[in-house]
Amino acid sequence: MDKIREKLDALYKKYDFVSNKQEMTVFVIKVMVLKFLENRGLLSLDKKTERHLRERFTVETLMACWQGSDIGDDFWFSEDGVALSETIWADVMDMVREGESFAAVSPEVIGEIYEACLQRNHKKHQGIFYTPRVLADYMAGLCIDATRAQRVLDPACGGASLLGAVYDKIMAAAPEDKRAQKHQWLMQEGLWGIDMDPVAALVARLILVLKWDTYVYPKNIFVGDALVAGRERLGSEKFDVIIANPPYIGHKEVDADYMQGLKQRYGAVYKNKGDLSYCFFAMGLECIKAEGRMVYLTSRYFMEAYNARSLRETLAHRIKIERIVDFNGLRVIPGVGVDPAITLLVKGEDNDNGQIRVTRFYPTSGAPLPTEFYLKDMAQAQPVYCESFETDQAELKPEGWELYSPVRRGIISKIEARSPFVLKDLVDSFQGMITGNDKVFIFETEDAQSRGFSPELCHPWIKNKDVRAFVVAEPQKEILYTNGIRELADYPREKAYLEPFKAKLMERRECKKGKLPWYGIQWGRDPRAFRGTKIVFPYKAKSNRFAIDREGCFFSADIYGLTLKEVLYSQIGEETLVLLLNSSLYTYYFQSFAKKLGADLYEYYPNTLLKLRIPEIDRKTTGQFKDIYDKIILLIKSQDTAGCRALLEETDRWLYDYFKLTAAEIQAIEGSLSEH
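Residues numbered from 1 in each chain as written. Predicted model: local features only at pLDDT ≥ 70, side-chain atom pairs only at ≥ 80, totals over all residues. Heavy atoms only, no water.

K.L.:
Which residues make up the overall build of the protein, and what values do they have?
P.N.:
When helices and strands are counted, the protein shows 28 helices and 22 strands. Its C-alpha atoms give the protein principal-axis dimensions of about 90 × 65 × 50 Å. Split into buried and exposed, the 676 residues of the protein put 54% on the buried side. Sequence-distant contacts in the protein: of pairs separated by 6 or more residues, those separated by 24 or more amount to 76%. Approximately 30800 Å² of the protein is accessible, and the part contributed by carbon and sulfur atoms is 49%. (Helix = DSSP H or I, 4+ residues; strand = E, 2+ residues; numbered from the N terminus. Buried < 20%, exposed > 50% of the residue type's maximum accessible area, 1.4 Å probe, protein only. Contact = heavy atoms within 4.5 Å. Areas by Shrake-Rupley, 256 points an atom, 1.4 Å probe, with all protein chains shown as cover.)

Have a look at this one:
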């Protein structure tokens, strides 16, 4: 493929003047189809055929030349038949006859070239990604029974990566003398696909038709929206298998009118801030036969997202969840910043009972391995990168699916059994500020002082990286907090500084709406929470990093704060909470259900964090914890790492004893944190 890519690069550079990039993509695809047919001996490029193609270089012409006659009413793609010049035809022939041969290459190469064209043109559809072959093969293996005639639907088929894998699995099991007949059935009856992108649907048709040496039109690949209008193409059809990699599109990227239509149709699962993939689950439930199988590759976030509660309830009670492969932050689709999971669902009579086979991968450090390594590891008797276990579907909670191994479940059960409080009972949370223009409002400390701003308007400013476990780095910046100013004229130095930025600051949405004076902080929050004592922690981190700030630091939106509630029945203070939250046990506990962001990053969103159960600690122990906390702060300042570690281990031992954890459970906690 390397030489082919080089030739494609040269072709793109030569015809860079073509403004319609979709047209250029289709042209390249047609050239590759011609190469495929010629290299495999399916199409002889004699003078008559060359002239025919040059005069009208369309997909229909290519197919007719291969078929040897008119292809009838088979619809391939809407395009104008343009005659090619001798120069362009020479370039086409160079691509067809030179370089690597396609004689022994799978037609999926057309999909790979299509994907490369999308990347080159910067027109990759938002949230839509080509499923890697190794994942497509694995998913097909989960859902296809090659001994039965099964109708298979991919409602977001793209370039047929999944349907192609299904085809290959079915054909591999067919007797050799029955394969031509099986191919005919698959093209005409068995394989169904819908995609909103006409070029993607074209690629899907081409890949499937090129799977066999005899032309059979794949008649059930449609252009349309499987969620709304495109459903009409399916009619009342029910399917044995639905396999899909739905678009990863959040609510911010969905058109408001379209979203409203989806809510009307799929309101049982699709709520505010939901992901488009939720609708594909609901659509699948409508179209699957009894005993049918659905296998979806989606973002794993639906298992824990606040706005996916209705979807979780629907799936848990309306269909049997047979298999979940949670990659748990491993980015197994190259170049895609989404954390995927594979879910296998089976429509049976007893849909909300039974055991779910779960595979959950471990966080890994360093560069990720190729996806096939992880899939092979999953099949081993003693896997290295994952753990597999059974969990009861009836125990799935609407608040979030807790996919715990028996050991992890045992640890968490012990914590929750001896913890009468939830963190949200003890603290209030708040997010940091969004200035709307940091370059205007944030200064180096010395710069702010040299400008002579009023001291009551200047406050120390910290960012995510400044918050460490137990300590906050000394602030190097200050914020000019202007939201307390009623009359800017009363602050002449600040007014003189801000006036040159007025036009730019006025462009902010809140200023345009008249909700904010032009000189104000965009989302200034309540400054009283920042000025007082508070626990701070970063929004994204590899491990728990909680610290007490007593210096009145203001901070950006990538940090959250916690302030103690006045709870008369709790003895817990900030020091005890910070010690608990930074412990090995609570790091392990939180990471058990926190949202993963890549291989080793977690999202510390308050809605999730505040679910942590907190034990009732008496006054004496609280005093002991405060002494340990004070010593840790001194040791950190003196850079005594060994002494600090010893005190942290002392806290861990207390927690292990308090929750009556076994040696095996302690080993699981410490092994998980040390290895990953």
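Here the narrative resumes.
K.L.:
Mind laying out the environment of leucine 186, listing which residues take part and the relevant values?
P.N.:
Inspection of the secondary structure puts leucine 186 in helix α9 (residues 179–190). Sequence separation between leucine 186 and lysine 219 is 33 residues, and the spatial gap between their C-alpha atoms is 9.7 Å. Each residue touching leucine 186, except ones within four places of it in the same chain, is listed here: Tyr167, Ile170, Met171 and Leu191.

K.L.:
Explain the packing of aromatic side chains residue by residue, including any values.
P.N.:
For any pair of aromatic rings, the description consists of the separation of the ring centres together with the inter-plane angle of the planes. All chains considered together, the criterion is met by 37 aromatic pairs. Summarising the aromatic geometry, the rings of tyrosine 539 and tyrosine 605 are spaced 6.5 Å apart at their centres and angled 65° between planes, so their arrangement reads as edge-to-face. Of this pair, tyrosine 539 sits in the loop between β15 (534–538) and β16 (540–541) while tyrosine 605 sits in the loop between β21 (602–603) and α25 (606–609), placing them 66 residues apart in sequence. Among the residues examined, tyrosine 605 registers a relative accessible area of 32% and is labelled partly exposed. When the ring centre of tryptophan 185 is taken as reference, the NZ or CZ atom of lysine 182 above it lies at 5.9 Å. Between arginine 418 and the ring centre of tyrosine 658, over which it is positioned, the NZ or CZ distance is 4.1 Å. (Phe/Tyr/Trp six-rings, centres within 6.5 Å; stacked < 30°, edge-to-face > 60°. Lys NZ or Arg CZ within 6 Å of the ring centre and 35° of its normal.)

K.L.:
Which residues make up the pairing of strand β2 (residues 191–195), and what values do they have?
P.N.:
Extensive coverage of β2 is indicated by the burial of five of its five residues. Direction of pairing for strand β1 (residues 152–154) relative to β2: parallel, over a ladder of three bridges. Residue valine 152 lies in a different strand from β2, and its bridge partner there is leucine 191. Sheet analysis places β2 next to strand β3 (residues 221–223), joined by three bridges and oriented parallel. (Pairing = 2+ DSSP bridges.)

K.L.:
I'd like to hear about the nonpolar core, residue by residue, with values.
P.N.:
Within the largest apolar cluster, 55 residues are counted, with the highest numbers of intra-cluster contacts made by Leu34, Met63 and Trp76. Among the elements of the structure, α1 (2–14), α2 (21–39), α4 (59–67), α5 (86–97), α6 (108–121) and α10 (198–209) are those that each provide at least two residues to this core. Of all the elements, α2 adds the most residues to this core, at 11 residues. Dropping the residues within four chain positions of it, methionine 63 is found in contact with Val33, Leu37, Ile71, Trp76, Leu206, Val209 and Tyr215. Counting residues in each nonpolar core, the second largest holds 51 residues, with Leu423, Phe537, Phe593 and Leu661 among its members. (Core = buried A, V, L, I, M, F, W, Y, C linked by side-chain atoms within 4.5 Å.)

K.L.:
Give me the sheet that holds strand β14 (residues 477–480): which residues, what numbers.
P.N.:
Read from one edge to the other, the open sheet built from four strands follows the order β12-β14-β13-β18, with strand pairing classed as mixed. The strands lining the two open edges of the sheet, one partner per strand, are β12 (442–444) and β18 (554–555). Sheet analysis places strand β13 (residues 458–462) next to β18, joined by two bridges and oriented parallel. Counted as the bridge partner of tryptophan 461 is phenylalanine 554 from β18.

K.L.:
A description of the pairing of strand β6 (residues 320–326) should follow, citing residues and the corresponding values.
P.N.:
For β6, a buried count of six out of seven residues is recorded, marking the element as mostly surrounded by other parts of the structure. Bridging between β6 and strand β7 (residues 340–346) involves six bridges; their strand directions are antiparallel. The residue bridging valine 325 from the neighbouring strand is isoleucine 342, located in β7. With four bridges joining them, β6 and strand β8 (residues 355–361) adopt parallel strand pairing. For arginine 323, the partnering residue across the bridge sits in β8 and is arginine 357.

K.L.:
With reference to specific residues and values, describe the side chain of threonine 576.
P.N.:
Residue position: threonine 576 is located in helix α23 (residues 574–581). With residues near it in sequence (within four places) discarded, threonine 576 still touches Ile617, Thr622 and Phe625.

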